[in-house]
Amino acid sequence: MVELLKMTTRAQRLRAIKEAGFNTFLLKSEDVYIDLLTDSGTSAMSDRQWAGLMMGDEAYAGSRNFYRLEKAVQQYYGYKYLIPTHQGRGAENIISKILIKPGDVVPGNMYFTTTRLHQELAGGTFADIIIDEAHDPMSEHPFKGNVDFEKLDRIVKQHGAAKIPYISIATNVNMAGGQPISMANLRQLREYTHQHGIRIIHDMTRVAENAYFIQQREEGYKKRRIRDIVKEICSYTDGATMSAKKDALVNIGGFLATNEWDVFEEARNMVVVYEGLHTYGGLAGRDMEAMAIGIEESLDDNHMGARVGQVEYLGHKMESYDIPIVRPIGGHGIFVDARRFLPHLTQDEFPAQTLSAEVYLESGIRTMERGIVSAGRKADGENYYPKLELVRFTIPRRVYTQAHMDVVAEATQAVLKRRNRIKGMKMVYEPKYLRFFQARFERL
Ligand code: F0G
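Residues numbered from 1 in each chain as written. Predicted model: local features only at pLDDT ≥ 70, side-chain atom pairs only at ≥ 80, totals over all residues. Heavy atoms only, no water.

A. Representation of the sheet that holds strand β12 (residues 390–394) in the model. The three strands are arranged β9-β12-β11 in an open sheet whose pairing can be described as antiparallel. On the outer flanks of this sheet lie β9 (333–337) and β11 (368–370), each paired with one strand and no other. Strand-to-strand twist across the sheet, computed as the mean angle between neighbouring axes with direction ignored, equals 35 degrees. In the sheet, β11 pairs with β12 via three bridges, with the strands oriented antiparallel. Of the residues in β12, the one forming a bridge with Arg-370 is Leu-390. Its contacts with the sheet put helix α12 (residues 301–320) on β9 and β12, and the angle it makes with β9 is roughly 25 degrees. (Pairing = 2+ DSSP bridges. Helix = DSSP H or I, 4+ residues; strand = E, 2+ residues; numbered from the N terminus. Axes fitted to C-alpha atoms, helices over the stretch in contact; angles between N-to-C directions. Contact = heavy atoms within 4.5 Å.)

Below, the structure written as structure tokens:
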């Protein structure tokens, strides 16, 4: 189906962004023209998925749709046991509570906001083991999601494997700009973790996009289908958390999957406390049906080519306007480098937050800050100062046309032309957890 877009005047947008405390999360979607806040839950469902919604079996227990979803997860991802959850963070909560003990360390290939917070709330400390290139927006490394084994080995030697409940591996690393991990690196990690008796828990939110990059860039995978590559990725891990709102093309839903019976048994017990019965986990039967269909559609080679191709189209257009973006172009959006875009602002003046507000003001296009605000504070209250200070232009799947992408690039170029006159911001309200969602700002 198509959705009507609303165009606004500059005066209307100025009022809206002020009311929103210069935080794009606090805008009303009615005031947004092209919505690139996130690719989460914003994709368009297919005719098959809509038909699937009509086949919802809303029984409290043992819904037909649950068994269909379970079969899809086993068939396409290869994990043995499935616990549905209302979305990704529901699964993160459960796995963190089960596996992490106070004092544990969880190494991972870059943090993700909700994932790290659940690890910390369970008493763990996150340790970044991604290669240095991932923190450099200009590095052309084809697999910036790779693990740096020297960093990992240092942590294992320092704390001992017993203090490491699992290694947290994301495919197509969100905060690095949608950057993939290579199969070779993952295989090496599997060997390493087998030697040390450590699990790998896979954040598989964008696994199909990662598989696409492996197909395009890694030797030996050119002729392999995305579905086979995805299954091979999953085979090197012991369990997974999934936000099905991304790759799997649904508006809501997620799951926890594991190959270990003991973990499954405990998770099945906990899901009834936090989410819902173990055969629906906070979802309607129809949502599970749409998810099962979406999983299958996400693994289609042509779909992935079109999806990432559209992101690349926007990236190339921006580069032709000299807009500084994270290289290589990632899977789910274009990440504009706010440090280079607004070089006169210090990180404490929130360059990415400022740029995101300016893009909205210019055009009604909504983007998201992925810098110091998103990074939040450490347990001791100190701010994290991430190297990456980015604005994410996230592309929903199957929603916008290339013409919309042209408008986005042109609007960003218009902001670039007046960048010298843009002042930074100060934070005037800061919530305790995941502050980027609700923080408020004022212009300096
Ligand atoms: N892991 C990754 C890599 C994610 O990108 C997200 C969500 C989650 C876990 C949590 O899943 O939202 O279903 O609870 N990312 C969204 C985004 C919010 O905009 O990038 P969730």
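B. Quick peek at helix α4 (residues 88–99). In a regular helix each residue adds 1.5 Å, so 12 residues correspond to 16 Å; α4 covers 17 Å between its end C-alpha atoms and thus fits that length. Among the 12 residues of α4, 10 are classified as buried, and the element is accordingly described as predominantly covered. By the burial criterion, the buried members of α4 are Gly-88, Gly-90, Ala-91, Glu-92, Asn-93, Ile-94, Ile-95, Ser-96, Ile-98 and Leu-99. (Expected span 1.5 Å × (residues − 1). Buried < 20%, exposed > 50% of the residue type's maximum accessible area, 1.4 Å probe, protein only.)

C. Representation of empty space enclosed by the protein. Under the definition given, this model contains four cavities of 30 Å³ or more. The volume enclosed by the largest cavity comes to roughly 70 Å³. If you trace the largest cavity, you find it lined by Glu-92, Ile-95, Ser-96, Thr-115, Gln-119, Tyr-166, Ser-168, Ile-201, His-202, Asp-203 and Thr-241. Within the residue set of the lining of the largest cavity, elements represented by two or more residues are α4, α5 (113–121), β5 (166–170) and β6 (199–203). Each residue belonging to the lining of the largest cavity can be placed in one class, and the counts come to three nonpolar, six polar and two charged. (1 Å grid on protein atoms, 1.4 Å probe; cavity = no way out; pocket = protein on both sides within 12 Å on 5 of 7 lines; lining within 4 Å. Points joined across faces, edges and corners; volume = space filled by probe spheres on them. Nonpolar A, V, L, I, M, F, W, Y, C, P; charged D, E, K, R; others polar.)

D. Highlighting the site of the ligand. Taken together, the neighbourhood of the ligand is formed by 17 residues, with Thr-38, Arg-89, Asp-203, Ser-243 and Lys-246 sitting nearest. Within the side chain of Gln-87, one N or O atom sits 2.8 Å away from an oxygen atom of the ligand. Within the side chain of Asn-174, one N or O atom sits 2.9 Å away from an oxygen atom of the ligand. For the ligand, the accessible surface in isolation is 470 Å², of which the surrounding protein chains cover 95%. Assessed atom by atom at 2 Å from the grid points, the ligand resides in the second largest pocket. No other element matches α4, which puts three residues into the shell around the ligand. (Near = heavy atom within 4 Å. Polar contact = N/O pair within 3.5 Å; in protein donor to acceptor, adjacent residues only side chain to side chain. Areas by Shrake-Rupley, 256 points an atom, 1.4 Å probe, with all protein chains shown as cover. Sits in = over half its atoms within 2 Å of the grid points.)

E. Structural view of the domain arrangement of the chain. Taken domain by domain, the chain consists of domain 1 (10–32 + 301–443) and domain 2 (47–298). Here the C-alpha centre of domain 2 lies 26 Å away from the C-alpha centre of domain 1. At the interface, 33 residues of domain 1 touch 43 residues of domain 2. For the pair domain 1 and domain 2, the number of links is four salt bridges. A salt bridge links Arg-398 to Glu-297, with the nearest nitrogen and oxygen atoms 3.0 Å apart. The interface formed by domain 1 and domain 2 contains 16 residue pairs in polar contact (both at pLDDT 80 or more). (Domains from an automatic or database assignment. Salt bridge = Lys/Arg side-chain N within 4 Å of Asp/Glu carboxyl O.)

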